[in-house]
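Observations on chain architecture
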Amino acid sequence: MTTDTAATETAQLKIAFSPCPNDTFVFDAWAHGRVPGAPELDVTFADIDITNGMAERGELDVLKVSYAVLPWVLEEYALLPCGGALGRGCGPLVLTREPGGDLTGKTVAVPSERSTAYLLFRLWAADVLPGEVGEIVVLPFDQIMPAVRDGRVDAGLVIHEARFTYQDYGLHKLADMGEHWEATTGLPIPLGAIIARRSLGEARLRELAEAARTSVRMAWDEPEASRPYVTAHAQEMDPAVADQHIGLYVNEFTADLGADGYAAVRGLLERAAAEGLVPPLGRDALSFP
């Protein structure tokens, strides 16, 4: 064992994920030292647009990122087969102030142009709209619904708990990107991925995957144990909404991507590459040690 390897195995693992309920629920047991034999975590909380940038710059050891950013980072990072967010009935929504309408030539606010939500939106638009979308405006996800409500943009692409709260803003659902994706592919919706630095080595990567999987299962076995962590980082969210959020985004694909999960990820990125939205994905890019 080299000195560098020994240092890697004993030092805290630097990880970044969002303060959203699904992430704090998934990582609670690991972050608090309850996963036997798992490395200690040094946690940074950041919205996914920020962690996407961290990954592109090669920062930190482990990150929660959008699946959409994988084509830019898989040379340095490996996709872990667990811990992320895929599912059915959980896709991003396009919201407007008035029901119905056509987004051709309209201004649309999105949370990021390197997000899975954005890729799903562009694939939907290519299939459904008679013309091109107008201006794309990037806003923090919590500012999108107010911008639509106040008429600063024509429509907004929303994620996270906005699925449960958009009616509080008097907004209308124009389209569900997940419904379109599932109807056209039959596959689950790939949203957020867990990636880890390849330089950690194959054995370490397998250890991290097992730690993430164990943390998920511990959260399921004793959900009340994670509640203080979830609540502390979602202080403005109604507890019932937080529970809905967890129920929607933490599921069997979080414990193991499985064949359908991998097919969904590859399908999304290959379709997006065909539209010129991301670079082509290498044949073995998603392989895990």
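Note that this is a predicted model, so its numbers are computed, not measured. (Residues numbered from 1 in each chain as written. Predicted model: local features only at pLDDT ≥ 70, side-chain atom pairs only at ≥ 80, totals over all residues. Heavy atoms only, no water.)

Some details on the overall build of the protein
Within the protein, the secondary structure is distributed over 13 helices and 11 strands. Against the compact-globule benchmark of 19 Å for 289 residues, the protein has a radius of gyration of 19 Å, which places it among compact chains. Referenced to the eigenvectors of the C-alpha coordinate spread, the extents of the protein come out at roughly 60 × 40 × 30 Å. Residue pairs at least 24 apart in sequence account for 80% of intrachain contacts in the protein once pairs closer than 6 positions are excluded. Of the roughly 12,500 Å² that the protein leaves accessible, carbon and sulfur atoms contribute 48%. Computed over 23 positive and 42 negative side-chain charges, the inter-centroid distance for the protein is 2 Å. (Helix = DSSP H or I, 4+ residues; strand = E, 2+ residues; numbered from the N terminus. Rg over C-alpha atoms; globule rule 2.2 N^0.38 Å. Contact = heavy atoms within 4.5 Å. Areas by Shrake-Rupley, 256 points an atom, 1.4 Å probe, with all protein chains shown as cover. Lys, Arg positive; Asp, Glu negative; His and termini not counted. Charge placed at Lys NZ, Arg CZ, Asp CG, Glu CD.)

Looking at the packing of aromatic side chains
Here a ring pair, both rings aromatic, is described through the centre-centre distance and the interplanar angle of the planes. As enumerated under the stated definition, the model contains six aromatic pairs in all. Judged by centre distance (5.4 Å) and plane angle (85°), the ring pair of Phe-17 and Phe-45 falls under edge-to-face. Highlighted residues: Phe-17 in strand β1 (residues 13–17) and Phe-45 in strand β2 (residues 41–45), separated in sequence by 28 residues. Judged by its relative accessible area of 1%, Phe-17 is buried. Note on Phe-45: relative accessible area 30%, which makes it partly exposed. Among the aromatic side chains, those forming a connected cluster through ring pairs are Phe-17, Phe-27, Trp-30, Phe-45 and Tyr-229. A cation sits over an aromatic face here: Arg-114 above Trp-72, 3.6 Å from the ring centre. (Phe/Tyr/Trp six-rings, centres within 6.5 Å; stacked < 30°, edge-to-face > 60°. Buried < 20%, exposed > 50% of the residue type's maximum accessible area, 1.4 Å probe, protein only. Lys NZ or Arg CZ within 6 Å of the ring centre and 35° of its normal.)

Describing helix α10 (residues 223–232)
Taken together, the buried positions of α10 are occupied by Ser-226, Tyr-229 and Val-230. Viewed along the axis of α10, the buried residues span an arc of 100°, placing them on a single side of the element. Across α10 from its buried face, at more than 90 degrees, point the exposed residues Glu-224 and Pro-228. Among the structural elements, β1, α2 (21–31), β2 and α11 (239–249) are those in contact with the buried residues of α10. (Arc of directions from axis to C-beta.)

Quick look at the nonpolar core
With 57 residues, the main nonpolar core has Leu-63, Tyr-67, Leu-70 and Phe-121 as its most contacted residues. The greatest single-element share of this core, amounting to eight residues, is contributed by helix α5 (residues 116–128). (Core = buried A, V, L, I, M, F, W, Y, C linked by side-chain atoms within 4.5 Å.)

Quick word on helix α9 (residues 202–221)
Compared with the 28 Å implied by 1.5 Å per residue over 20 residues, the 29 Å span of α9 between its first and last C-alpha is a close match. Arg-204, Leu-205, Leu-208, Ala-209, Ala-211, Ala-212, Arg-213, Ser-215, Val-216 and Ala-219 are the residues of α9 that are buried. (Expected span 1.5 Å × (residues − 1).)

Digging into the confidence of the model for the protein
On average, residues of the protein score 92 in pLDDT, and 97% of them reach the 70 mark or higher. In the predicted structure, residues 1–8 sits below a pLDDT of 50 and forms four contacts with residues beyond four places in sequence or in another chain. (pLDDT = per-residue confidence, 0-100.)

Observations regarding the sheet that holds strand β9 (residues 155–158)
Judged by pairing direction, the sheet is mixed, and its five strands sit side by side in the order β8-β7-β9-β6-β10 without closing on themselves. Each having just a single partner strand, β8 (136–138) and β10 (172–176) make up the two edges of the open sheet. Averaged over all pairs of adjacent strands, the angle between strand axes in this sheet comes to 30°, irrespective of strand direction. Sheet analysis places strand β6 (residues 93–96) next to β10, joined by four bridges and oriented antiparallel. Counted as the bridge partner of Val-94 is Ala-175 from β10. Seen against the sheet, helix α6 (residues 141–149) touches β6, β7 (108–110) and β9 and runs at an angle of roughly 160° to β9. (Pairing = 2+ DSSP bridges. Axes fitted to C-alpha atoms, helices over the stretch in contact; angles between N-to-C directions.)

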